[in-house]
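Letter by letter, the chains look like this.
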Amino acid sequence: MIDKGELWLVMILLGLGSFTLRFAFLGLIGDRPLPPWILRHLRYTAVAVLPGLVAPLVVWPEATGGVPDAPRMAAALVTIIAGIVTRNMLLAIFLGASTLYGGLYLLG
Amino acid sequence: MPTESSKSIFFQGVRDSAPFILVMVPFSTLFGVVAAEAGLNVFEAVTFSFLVIAGAAQFTAIELMRNDAPTLIVLISSLAVNLRMAMYSASLVPYLGKATLAQRAWAAYFIVDQTYACSILKFDARREWTVKQRLIYFFGVAAPVCPPWYLFTGVGAVVGQAIPESFALDFAIPIMFLALIGPMMRTRAHVAAGFVSVATALIFAFLPYNLGLLVAGLLGMMAGAQVELIDSRRAERSGS
């Protein structure tokens, strides 16, 4: 369970930090352009952090005590492929969740 | 051409972003559910959405806190996911940079993927708009996107407290993230960043304090930037 003190600390600092990122240029830095190499790296931050966050959760799921598990693995593959092919987040969630529950039902 | 009234511009914004409600409602509901599963009450979940309004960063923070990651790692990882907001901020400067400080601060708070995407398209198409008209449009775009984000986080948190354990909700977070990641894979560079991130995170999973994720993020970013550089040079050489 998440500690309440830590939760509020994270909420407030993350709120302030997110606002600072949003306000950084519009409010403070003005229209001085950033060097291209920084922009080039910034473009890939989300796509570099999120897959790394999710990979261990898929390979070593918490619910099975860290043992790789077929329904969860299949659900993950279906979700990512559906997302790439259809570009539709909700459809990908729906197909992934259907695979998970279908798989859990079939394989127990 | 007749001058447009403030009201009509506001409602143009509302209309342009209204389709996003279809995405925001389930997404924020899901955040509420996941937050409730992680032990947050309704007030905490809604406050979280109100302070941060950034889905991917909120999910990241909850997931890392659930795994007892150190607070500093939680903050760095979640803010890294949000770094794109700084890019949005930079690209809005030519259009909103002349607004008053208070107006810019309010606009900054409402910069999210959807408000940015709608506004930048419109501002580019309607070069004749004044700063005031642009701001009115921007807040019109935010109206159907941000308030439902808070509201349905609350709905999700209420629902989440009622969902029994047997629903395998442990896997809601991975599915959520994967569904977010799929549509991000727009170019070879994005795919490279994603692959390097996954491989690095798995190899360095043994590192304490979730430091593996920071290594993965750093190497993934560098991979994406490098591939972009290589591909843009190749495109130049082929004379396109």
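Residues numbered from 1 in each chain as written. Chains lettered and ligands numbered in written order. Predicted model: local features only at pLDDT ≥ 70, side-chain atom pairs only at ≥ 80, totals over all residues.

### Examining the overall build of chain B
Logical step 1: Within chain B, the secondary structure is distributed over 13 helices and zero strands.
Logical step 2: Its helices and strands in sequence order give chain B the pattern α-α-α-α-α-α-α-α-α-α-α-α-α, from N to C terminus.
Logical step 3: Taken over the C-alpha atoms alone, chain B extends approximately 65 × 55 × 30 Å along its principal axes.
Logical step 4: Counting every position in chain B, which comprises 240 residues, the buried fraction comes to 50%.
Logical step 5: Put simply, 75% of the contacts in chain B that link residues at least 6 apart link residues at least 24 apart. (Helix = DSSP H or I, 4+ residues; strand = E, 2+ residues; numbered from the N terminus. Buried ≥ 20, exposed ≤ 12 C-beta atoms within 10 Å, placed from the backbone. Contact = placed C-beta atoms within 7 Å.)

### Thoughts on the nonpolar core
Logical step 1: Counting residues in hydrophobic clusters, the biggest one holds 109 residues, and the most contacted among them are L50 of chain A together with V34, A35, M176, F177, L180 and A193 of chain B.
Logical step 2: Among the elements that make up this core, the one with the highest residue count is helix α3 (residues 45-59) of chain A (10 residues).
Logical step 3: The two domains that each donate at least three residues to this core are domain 1 (6-168) and domain 2 (185-240) of chain B.
Logical step 4: Dropping the residues within four chain positions of it, V34 of chain B is found in contact with F59, I62, A172 and I173 of chain B. (Core = buried A, V, L, I, M, F, W, Y, C linked by C-beta atoms within 7 Å. Domains from an automatic or database assignment.)

### Some details on the domain arrangement of chain B
Residues and elements named next belong to chain B.
Logical step 1: When cut into domains, chain B gives domain 1 (6-168) and domain 2 (185-240).
Logical step 2: The straight-line distance from the C-alpha centre of domain 1 to that of domain 2 is 26 Å.
Logical step 3: With seven residues of domain 1 in contact, the opposing surface of domain 2 contributes five residues.
Logical step 4: In terms of residues, the side of domain 1 that touches domain 2 owes the most to one element, helix α5 (residues 71-81), which gives four residues.
Logical step 5: Here the residues of the side of domain 1 that touches domain 2 are counted per class, giving six nonpolar, one polar and no charged. (Nonpolar A, V, L, I, M, F, W, Y, C, P; charged D, E, K, R; others polar.)

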